[in-house]
Amino acid sequence: MLEKTPGDDELRRRAAEAALSAVEPGMKLGIGTGRTAEHFVRLLAGRVRQGLDVVGVPTSQRTADLARAEGVPLTTLDEEPALDLTVDGADEVDRSLRLIKGGGGALLHEKIVAAASKRMIVIVDEAKLVTTLGAYPLPIEVIPFGLGATRRAIESAATGLGLSGPISLRSVGNATFRSDSGHFILDAAFGRIDDPAALAEALEKIPGVVEHGLFLELASAVIVAHAKGIEWLPPNGTRI
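We now turn to the structure provided with this report. (Residues numbered from 1 in each chain as written. Predicted model: local features only at pLDDT ≥ 70, side-chain atom pairs only at ≥ 80, totals over all residues. Heavy atoms only, no water.)

**Examining the nonpolar core**
Step number 1: Judged by nonpolar contacts, the single largest core of 29 residues is most densely connected at Val23, Phe40, Leu44, Ile121 and Ile123.
Step number 2: Those elements giving two or more residues to this core turn out to be α1 (8–19), β1 (28–31), α2 (35–49), α3 (61–70), β3 (83–88), β6 (117–125) and β14 (221–226).
Step number 3: Counting 24 residues, the second largest nonpolar core, distinct from the first, contains Ile140, Ala157, Leu163 and Ile167. (Core = buried A, V, L, I, M, F, W, Y, C linked by side-chain atoms within 4.5 Å. Buried < 20%, exposed > 50% of the residue type's maximum accessible area, 1.4 Å probe, protein only. Helix = DSSP H or I, 4+ residues; strand = E, 2+ residues; numbered from the N terminus.)

Shown next, in the form of structure tokens:
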């Protein structure tokens, strides 16, 4: 009998399960947003019910609601400003541990939590591992005021780096999407991003840009769930 190939959701669960090896009693954890992070929350909750003593800082209201429902103790960065570990997913990751995040709309909070953590482990299924970032549109969180001017400035910055492509305002149904902080998100379909650091620097100079979905030099390790097993990046890095 042929072995059944695991689906994407099963791979997400396996990646989340592997991340539990890095969780130790007493840790203060950043908890990400998205489908893979939700698997981590549920698996972490199982360990909490068995007696694991941890506390989490959620990166979105959605994650907070799930964690509370599952019984994971929560706190805030005001109460615990320094975290031991963040576990989060990504929309894309390359082998240099550079990420695109923000598909779930929580990129600002995710980056704040990641930056407050000693380490960040990213959990993804194999479809998220890419050679070069950019196939996934880059989320850019912007303030509503001056949206047209901000979009124009983003287009200009991209053009200066040889990038082009549609920049669309994210919506949900007939309404404009708003992040938990009340901001808009522009999804920039630039395609191949050969120099993520240069693009990040250019976007950070635009006043209306609150944050962008390029997560550079934040991930300590990436767990990639393949159909044939778990891969850690970097391969010789510290896993726990």
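And the narrative resumes.
**Let's talk about the environment of Arg192**
Step number 1: Here Arg192 shows up in the loop between β11 (184–188) and α6 (196–204).
Step number 2: In this structure the side chain of Arg192 is engaged in a polar contact, spanning 2.4 Å, whose partner is the side chain of Asp194. (Polar contact = N/O pair within 3.5 Å; in protein donor to acceptor, adjacent residues only side chain to side chain.)

**Quick word on the packing of aromatic side chains**
Step number 1: One pass over the full model with this rule turns up zero aromatic pairs.
Step number 2: Above the face of the Phe215 ring, Lys111 is positioned so that its terminal group lies 4.8 Å from the ring centre.
Step number 3: Across the ring face of Phe177, the terminal group of Arg170 is positioned such that the distance to the ring centre comes to 5.6 Å. (Phe/Tyr/Trp six-rings, centres within 6.5 Å; stacked < 30°, edge-to-face > 60°. Lys NZ or Arg CZ within 6 Å of the ring centre and 35° of its normal.)

**Considering the pattern of salt bridges**
Step number 1: Under the defined criterion, the tally for this structure stands at 18 salt bridges.
Step number 2: The salt bridge involving Asp125 is made with Lys128; its shortest N-O contact spans 2.9 Å.
Step number 3: Owing to a relative accessible area of 17%, Lys128 belongs among the buried residues under this scheme.
Step number 4: Put simply, Arg170 and Asp187 hold a salt bridge, and the shortest N to O gap is 2.7 Å. Taken together, the positions of Arg170 in the loop between β8 (167–169) and β9 (171–172) and Asp187 in strand β11 put the pair 17 residues apart, joining distant regions of the chain. (Salt bridge = Lys/Arg side-chain N within 4 Å of Asp/Glu carboxyl O.)

**Focus: the pairing of β3**
Step number 1: Of all the six residues making up β3, six are buried; the element is thus mostly covered by neighbouring parts of the structure.
Step number 2: Here β1 pairs with β3 via three bridges, running parallel. Its bridge partner lying in β3, Gly30 is registered against Thr86.
Step number 3: For β3 and β6, the ladder comprises five bridges, and the chain directions are parallel. The residue bridging Leu83 from the neighbouring strand is Ser117, located in β6. (Pairing = 2+ DSSP bridges.)

**As for α3**
Step number 1: Those residues of α3 that sit buried are Thr63, Ala64, Leu66 and Ala67. In an axial view of α3, the angular spread of the buried residues amounts to 165°, which keeps them on one side of the axis. Along α3, the residues that are exposed and aim more than 90 degrees away from the buried face are Arg68 and Ala69.
Step number 2: Residue Gly71 follows α3 closely and has a positive phi angle near 90°. (Arc of directions from axis to C-beta.)

**Brief notes about the sheet that holds strand β7 (residues 138–142)**
Step number 1: A sheet is described by the order of its strands in space; here four strands give the open sequence β8-β11-β7-β12, paired in antiparallel fashion. Each edge of the open sheet carries a strand with a single partner, namely β8 and β12 (209–212). Neighbour to neighbour, the strand axes of the sheet diverge by 30° on average, direction disregarded.
Step number 2: Where helix α4 (residues 107–115) meets the sheet, it contacts β7, β11 and β12, and its direction lies at approximately 65° from that of β12.
Step number 3: Packing of helix α5 (residues 147–160) onto the sheet brings it into contact with β7, β8, β11 and β12, and relative to β8 it is tilted by some 155°. (Axes fitted to C-alpha atoms, helices over the stretch in contact; angles between N-to-C directions. Contact = heavy atoms within 4.5 Å.)

**Details of unusual backbone geometry**
Step number 1: In this structure, Pro234 follows Leu233 across a cis peptide bond, with omega equal to -10°.
Step number 2: Here Pro234 shows up in the segment after β15 (229–233).
Step number 3: Even without glycine at this site, Leu97 takes up a positive phi of about 65°.
Step number 4: The topology assignment puts Leu97 in the loop between β4 (92–93) and β5 (99–100).
Step number 5: Even without a glycine there, the phi angle at Glu217 is positive, about 60°.

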